[in-house]
Amino acid sequence: MVQTEKKPVETKSYSLEDWRKGYESQPQEKEYWIEDIEGEIPADLRGTLYRNGPGLLEVYGTPLNHPFDGDGMICSFKFTDEGCYFRNSYVKTKEYLEEKQAQKMLYRGVFGSQKPGGILGNIFDIKVKNIANTNVIKLGKKLLALWEAALPYYLDPETLETKKIDNLDGILKDSDVFSAHPRLDPHSPFNNGKPSLINFGIKPGLSSTINIYEFDLEGNLLQQYSHITPGFCFIHDFLITPNYIIFFQNPTSYNPLPFVLGMKGAGECLDFKENEPTKIILIPRHAPHKNVITLEANAGFIFHHANAFEKDEKTLIIDSVCYAKLSQINPDKSYKEVNFDELAPGQLFRFKLDLNNQKVEKELLNQRCVEFPFINPENVGRDYRYLFIGATHNSTKNAPLQGLLKFDLHTNEEQLYSFAPKGFAGEPVFVPKSNATAEDDAWILDLIYDSENHRSDLVIFDGKDISQPVATLHLKQHIPYGLHGSWAGIMNN
Ligand SMILES: [Fe+2]
């Protein structure tokens, strides 16, 4: 008889009860010097970390159906010679202020949060609330809160005071949208080799228009162009290389009728076409932006990409977090009742695009469930070795993110720091050290929800070795699970 080696069964690393507490609203806006610190803040970590995410998970008594419908709350962590100064403040959107004035929910959420009153209370109300909750970046003198279905909101980078909805000095029209996933090109061919910021906005329909914008870091427009692609587009993120802007058009269809009739949120009307290929669209960055290349791949559903680079003139490499399918939002069940075991995990895949033969190869790089990739900004669009990403404690199956993973793409080695069983992790932000020479010479900043103490910690790791934190900064309150953030260094602070 042949004996097979049994793999040890991995026990659950979390409790749903603990995880749910991280989705309690945080209505308080505060500012203070962080005093409860373990370890030491690195002497060269000077600048501000900004983070955005839903802060309110119910609107004046009406619970949200999905956290993505929550009003955006910005956190800033300013590192100075005196220590770290924390602030959190809501983006005072027009809709946020109207609801505050009325003391009730006035807007339906895109992800299925309905106003009270059932179908009759929601039918034919197709107003969209700009919740400005997905990302936050510094562009020129402005801090911009981003949400992909509307214009950005402009905030004061120091005080986080909301100034106004912003069309970027007239570059955007009122009907335009500006995605929450801008990419920084560290050496743009359109800015004399200096950095640039590239972003897109999508107008979906039977055919969809993709608008692309490239700015210098003062916010001046370098170039702008568009591409129309057949079919509905749900595209959350994109990629750049020196020569291409790259979109993965997820295979989805959209029937807005249940939304218009007040039965479902707009996001619940999205249907993932499991058996149809993803279209990979490569738009040339150089004028006249013609000769767009479209390839097809069985990519699954993608929210976030890690990076892309041109291996040679006809070969592109793209690393992305892929799901076997899009998890449908259930309008009759709270997101807090989720069964993680039933959902498809997000896993890191590598796509090799052969432009000569119009072929795409797909390879699984790591089994572990991961989300929110971040890399060295100097390597965006270029060959790279290290990826930092939120990860589950266990090496297989879907679960909440509880760890920070450093993944070496040259050796496939991984290093994991886990906050399980009580800690829950988010997106790590990569901050290059002041004297960086190697790709992983960085400080990695991770905002962790500590369910044991019902508060959040900003944890700082040395990118060289994440086996132990360098410093842990305990906040006085919890920050609900957030989405994305960015670092504004001392040079552009
Ligand atoms: Fe995102």
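Within each chain, residue numbers correspond to sequence positions counted from 1 in written order. Restriction of local features to residues with pLDDT of at least 70 applies here, the model being predicted, together with a cutoff of 80 or more for giving and counting side-chain atom pairs; totals for whole chains, interfaces and linings are based on all residues. Only heavy atoms go into the side-chain values, all of them from the structure, while hydrogens and water stay out.

- Naming follows an unreviewed UniProt entry, where the protein chain appears as Carotenoid oxygenase of Cyanobacterium stanieri.

Quick word on the pairing of strand S27 (residues 386–391)
Right, so step 1: The classification of residues rests on relative accessible area computed with a 1.4 Å probe and restricted to protein chains. Under 20% of the type maximum is buried, over 50% is exposed, and intermediate values are partly exposed. Strands here are runs of E lasting at least two residues and helices are runs of H or I lasting at least four, both read from the DSSP assignment and numbered beginning at the N terminus. In terms of residue burial, S27 counts as a mostly covered element, since 6 of its 6 residues are buried.
Right, so step 2: Residues Tyr 386, Phe 388 and Gly 390 of S27 are buried on one face, and the alternating residues Leu 387, Ile 389 and Ala 391, pointing to the opposite face, are buried as well.
Right, so step 3: Note on pairing: DSSP must find at least two bridges between two strands before they are called paired. The pairing of S27 with strand S28 (residues 403–408) spans 6 bridges and is classified as antiparallel. Paired with Gly 390 across the two strands is Leu 404, which belongs to S28.

Some details on the coordination of the iron ion
By definition of the ideal shapes, four donors in a tetrahedron about a metal sit 109.5 degrees apart, and six donors in an octahedron sit 90 or 180 degrees apart.
Right, so step 1: A 2.8 Å cut-off from the metal defines N, O and S donors, relaxed to 3.2 Å for Na, K and Ca; water is not in the atom list, so some sites may appear incomplete. Of the protein atoms, only His 181 (NE2), His 236 (NE2), His 304 (NE2) and His 484 (NE2) coordinate the iron ion, at distances of 2.0 to 2.1 Å.
Right, so step 2: Geometry assignment treats four donors as tetrahedral when all angles are between 85 and 135 degrees, treats four as square planar and six as octahedral when opposite donors are over 155 degrees apart and all others between 65 and 115, and treats everything else as irregular. One can describe the donor arrangement at the iron ion as irregular, given that its 4 donor atoms subtend angles of 91 to 158° at the metal.
Right, so step 3: When the donor residues of the iron ion are listed from N- to C-terminus, their spacing reads H-x54-H-x67-H-x179-H. Of the two residues, His 181 is situated in the loop between strand S11 (162–165) and strand S12 (183–185) and His 304 in strand S22 (residues 301–312); the sequence distance between them amounts to 123 residues.
Right, so step 4: By relative accessible area, which is 6% here, His 304 ends up buried.

Points about the sheet that holds strand S15 (residues 221–230)
Right, so step 1: The strand order across the open sheet built from 4 strands is S12-S13-S14-S15, with neighbouring strands paired in antiparallel fashion. Looking at which strands have only one partner, the edges of the open sheet turn out to be S12 and S15. For this sheet, the mean inter-axis angle between neighbouring strands, taken without regard to orientation, is 25°.
Right, so step 2: Pairing between strand S13 (residues 196–203) and strand S14 (residues 207–215): 7 bridges, direction antiparallel. Across the sheet, residue Asn 199 finds its bridge partner in S14, namely Tyr 213. Note on geometry: axes are lines fitted to C-alpha atoms, helical ones only across the stretch in contact, with angles between N-to-C directions running from 0 to 180 degrees.

Topic: the nonpolar core
Right, so step 1: Counting residues in hydrophobic clusters, the biggest one holds 37 residues, and the most contacted among them are Ile 212, Ile 245, Phe 247 and Leu 387.
Right, so step 2: In this structure Ile 212 touches Ile 198, Asn 199, Phe 200, Gln 223, Gln 224, Tyr 225, Ile 245, Phe 247 and Ile 283, once residues within four positions along its chain are discounted.
Right, so step 3: We call a set of buried Ala, Val, Leu, Ile, Met, Phe, Trp, Tyr and Cys residues a nonpolar core when their side-chain atoms join them within 4.5 Å. Counting residues in hydrophobic clusters, the runner-up holds 26 residues, among them Tyr 96, Val 429, Leu 458 and Ile 479. Should any heavy atoms of two residues lie within 4.5 Å, those residues are counted as being in contact.

Observations regarding the sheet that holds strand S17 (residues 244–249)
Right, so step 1: Read across the sheet, 4 strands follow the order S16-S17-S20-S21 without closing on themselves; strand pairing throughout is antiparallel. The sheet is open, and its two borders are formed by strand S16 (239–240) and strand S21 (293–297), each paired with just one other strand.
Right, so step 2: Bridging between S16 and S17 involves 2 bridges; their strand directions are antiparallel. In the strand pairing of S17, Ile 240 is matched with Ile 245.

A word on the UniProt feature "binding site: Fe cation" (unreviewed entry) in the protein chain
Right, so step 1: UniProt positions are given in the numbering used here, feature names are shortened, and annotations may be inferred rather than shown by experiment. Here, UniProt's "binding site: Fe cation" (unreviewed entry) annotation points to His 181, His 236, His 304 and His 484. Taken together, the annotated residues stretch across 304 residues yet fold into one region, lying no more than 12.5 Å apart by C-alpha.
Right, so step 2: One can find His 236 in the loop between S15 and S16.
Right, so step 3: Here His 236 is in contact with Thr 134, Glu 148, Ser 179, His 181, Phe 200, Phe 303, His 304 and His 484, once residues within four sequence places are set aside.
Right, so step 4: Polar contacts involving the side chain of His 236 include one to the side chain of Glu 148, which spans 2.7 Å.
Right, so step 5: Counting through the fold element by element, His 484 comes out in the loop between strand S34 (471–474) and strand S35 (485–489).
Right, so step 6: Residue class for His 484 comes out buried when judged on its relative accessible area of 3%.
Right, so step 7: Discounting chain neighbours no more than four positions away, the residues touching His 484 are Arg 51, Asn 52, Thr 134, Asn 135, Val 136, His 181, His 236, His 304, Phe 372 and Glu 427. We call two N or O atoms a polar contact when they sit within 3.5 Å, provided that within protein one can donate a hydrogen and the other can accept it, with sequence-adjacent residues counted only if both atoms are side-chain atoms.

So, helix H2 (residues 94–102)
Right, so step 1: Restricting attention to buried positions, one finds in H2 the residues Glu 95, Tyr 96 and Glu 99. Take H2 and look down its axis: the buried residues cluster within an arc of 105°, on one side only.
Right, so step 2: Contacts from the buried residues of H2 go to strand S4 (58–59), strand S7 (83–90) and strand S10 (153–155).
Right, so step 3: Once H2 ends, the next one or two residues include Gln 103, with phi positive near 55°. Working note: the arc is built from the helix axis to C-beta atom directions.

Here's the deal with the state of the cysteines
Right, so step 1: The rule for a disulfide is simple: a pair of cysteine sulfur atoms within 2.5 Å. For the structure shown, the criterion picks out 0 disulfides.
Right, so step 2: Of all cysteine sulfurs, the one in Cys 84 lies closest to Cys 75, which takes part in no disulfide; the gap is 11 Å.
Right, so step 3: Between Cys 369, a free cysteine, and Cys 322, which holds the nearest cysteine sulfur, the sulfur-to-sulfur gap is 12 Å.

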